[in-house]
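# Secondary and tertiary structure notes
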Amino acid sequence: MTETIETDVVIIGAGPVGLFAVFELGLLDIKAHLIDILPKVGGQCAELYPEKPIYDIPGFPIVTGMGLVDNLMKQIEPFGATFHLSQMVTEVTPLGTPVAPRFRVVTDAGTTFECKSVVVAAGGGSFQPKKPPIAGIEEFEEKSVFYAVRKMEALRDRSILIVGGGDSALDWTLNLQPIARRVTLMHRRDEFRAAPHSVERMRKLVEKGEMDLRIGQVSGLRGADGRMEAALCKGNDGSVFEIACDAMLPFFGLTMKLGPVAEWGLNLHENLIPVDTEKFETSTPGIFAIGDINTYPGKLKLILSGFHEAALAAQKVHRYVYPEKKLLFQYTTSSTNLQKKLGVA
Ligand code: FAD
């Protein structure tokens, strides 16, 4: 049995709003663990528009999606939050009472937490891989077909077919080529959307005979009991061929789905979590919802709204974490106490 991690708060979602929640909770001495299904922090900003400029973050006339995430990471550094990436929260189970809430939070990687409050900052839901339309692919998933690489070592000495033409496909081709028995990259045309230097490196490896590049599409899988032996492929010229492989990694992009949030017993309205506007608490005392995932009259799905919600939710979380302590309102500009926590005094 895996060890249970004890913490004050679990934040579900490491998008901009989940990240800023670490700051607001940290100022109140509340420790947090963050969980995100993506292998990186930053939510939509990092995944959907890292290089696009944002013009409506207060105090930043212009900042890119990634620039904002980098700044948030710097801002929350003093609070030493722990990140659990590439993991999806599947279960949130209440253990305590409405007055003294307590929760068990479990991820699909088997990590288990017990905490006093849960902050759901799950945005538009979990980013999940788009699956290729191949009949019977489910039988091979997690044994031979993987949509993400959790541990590279699990792919050592395997014959790997990587399918796709974007950055993920090219990055994993280059990362796995040195440890795989053989890597084949397949894309439906001989043009790639990935960073030019990655494409150049891949072409050099093909020229040297150290990996293969095939143009076409996978139409079927051959194997038994989840163990793949070959991918059945179609070339653009109508040819049919097989690629022998025992692992396939399709990288067809990500789509946002509500995912397991719907199974945690919270009231939902059109796939969003209704909250009050005083504390941003859900229908379950001790569970808060902030950022794009929540709804209330007048809600605007803006990053700045999520930041405000994080600040107010933290005040109520404090009451659950420190029921005996009175909370004093303080400014970071003038409170030595807050400045000590930030490491600047
Ligand atoms: P998200 O950024 O969606 O992050 C939520 C995270 O939760 C995700 O990483 C997801 O993987 C994770 N998650 C969900 N469910 C689970 C689970 N069960 N387990 C683990 N992890 C989970 N806003 C502005 O204010 N200004 C702009 O100019 C602006 N421009 C935009 C441009 C584009 C193209 C897009 C798409 C959005 C834009 N937005 C803008 C909106 C802004 O990005 C969102 O409001 C913001 O990202 C919401 O932040 P969040 O932290 O609530 O959610």
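Residues numbered from 1 in each chain as written. Predicted model: local features only at pLDDT ≥ 70, side-chain atom pairs only at ≥ 80, totals over all residues. Heavy atoms only, no water.

Among the 33 residues in the neighbourhood of the ligand, the closest are listed as Asp 36, Gln 44, Tyr 49, Asp 292 and Ile 303. Val 17 is positioned such that a nitrogen or oxygen atom in its backbone is 3.1 Å from an oxygen atom of the ligand. Between the ligand and Asp 292 there is a distance of 2.8 Å, counted from an oxygen atom to a side-chain nitrogen or oxygen. Those elements that provide at least two residues to the shell around the ligand are helix H1 (16-27), strand E3 (32-36), helix H2 (43-47) and strand E11 (126-129). Examining the composition of the shell around the ligand, we find that three residues originate from one element, H1, more than from any other. When grouped by side-chain class, the residues that make up the shell around the ligand number 18 nonpolar, 11 polar and four charged. (Near = heavy atom within 4 Å. Polar contact = N/O pair within 3.5 Å; in protein donor to acceptor, adjacent residues only side chain to side chain. Helix = DSSP H or I, 4+ residues; strand = E, 2+ residues; numbered from the N terminus. Nonpolar A, V, L, I, M, F, W, Y, C, P; charged D, E, K, R; others polar.)

Burial of nonpolar side chains together is a common tendency in soluble globular proteins. Ranked by internal contacts, the top residues of the largest apolar core, which has 64 residues, are Ile 11, Val 92, Val 105, Val 118, Val 120 and Ile 290. With 22 residues, the next largest nonpolar core counts Leu 155, Ala 194, Val 199 and Met 202 among its residues. (Core = buried A, V, L, I, M, F, W, Y, C linked by side-chain atoms within 4.5 Å. Buried < 20%, exposed > 50% of the residue type's maximum accessible area, 1.4 Å probe, protein only.)

On to the sheet that holds E3. Ordered in space as E6-E3-E2-E10-E21, the five strands form an open sheet in which the pairing is parallel. Because the sheet does not close on itself, it has two edges, and the strands there are strand E6 (82-85) and strand E21 (287-289). Mean inter-strand twist for the sheet, computed between neighbouring axes without regard to direction, equals 20°. Two strands pair when backbone bridges link them, and strand E2 (residues 9-12) and E3 are joined in this way by four bridges, in the parallel orientation. Opposite Val 9, over in E3, you have Ala 32 as the bridge partner. Packed on one face of the sheet, helix H6 (residues 303-321) meets E2, strand E10 (117-120) and E21 and runs near 175° to E21. (Pairing = 2+ DSSP bridges. Axes fitted to C-alpha atoms, helices over the stretch in contact; angles between N-to-C directions. Contact = heavy atoms within 4.5 Å.)

Attention now moves to the UniProt feature "domain: FAD/NAD(P)-binding" (unreviewed entry) in the chain. Mapped onto this structure's residue numbering, the UniProt feature "domain: FAD/NAD(P)-binding" (unreviewed entry) falls at residues 8-297. Between the end C-alpha atoms of residues 8-297 the distance is 30 Å, and the span holds 18% helix and 31% strand. (UniProt positions renumbered as here; feature names shortened; annotations may be inferred.)

Within this structure, the stated rule accounts for zero disulfides. The thiol of Cys 233 is not disulfide-bonded; the next cysteine sulfur, from Cys 245, is found 7.6 Å away. (Disulfide = S-S within 2.5 Å.)

Going through the model one piece at a time under the given rule, you end up with 18 salt bridges. For Asp 212, the salt bridge goes to Arg 182, with nearest N and O atoms at 3.0 Å. Residue Asp 212 is found in strand E14 (residues 212-215), and its partner Arg 182 is found in strand E13 (residues 182-187); the two are separated by 30 residues along the sequence. When its relative accessible area of 30% is taken as the criterion, Arg 182 is described as partly exposed. Note that Lys 316 is salt-bridged to Glu 281, the shortest N-O span being 3.2 Å. (Salt bridge = Lys/Arg side-chain N within 4 Å of Asp/Glu carboxyl O.)

To continue, consider the side chain of Thr 107. You can see Thr 107 is positioned in strand E8 (residues 103-107). Excluding residues that lie within four positions of it along the chain, Thr 107 makes contacts with Ile 35, Gln 87, Met 88, Val 89, Thr 90 and Phe 113.

Another point: the side chain of Thr 282. Tracing the backbone through its elements, the reader meets Thr 282 in the loop between strand E20 (273-274) and E21. Dropping the residues within four chain positions of it, Thr 282 is found in contact with Leu 266, Ile 273, Pro 274, Val 275, Ile 287, Phe 288 and Ala 289.

Once that is clear, we can look at the pairing of strand E9 (residues 112-115). Neither face of E9 is exposed, since Thr 112 and Glu 114 on one face and Phe 113 and Cys 115 on the opposite face are all buried. Bridge analysis of strand E1 (residues 4-6) against E9 gives three bridges, and the strand direction is parallel. Bridge pairing links Thr 4 to Thr 112 in E9. Bridge count for E8 against E9 is four bridges, and the pairing is antiparallel. Bridging from a neighbouring strand, Val 106 pairs with Thr 112 of E9. Hairpin connection, E8 to E9: the antiparallel pair is bridged by four residues, and Gly 110 has positive phi, about 90°.

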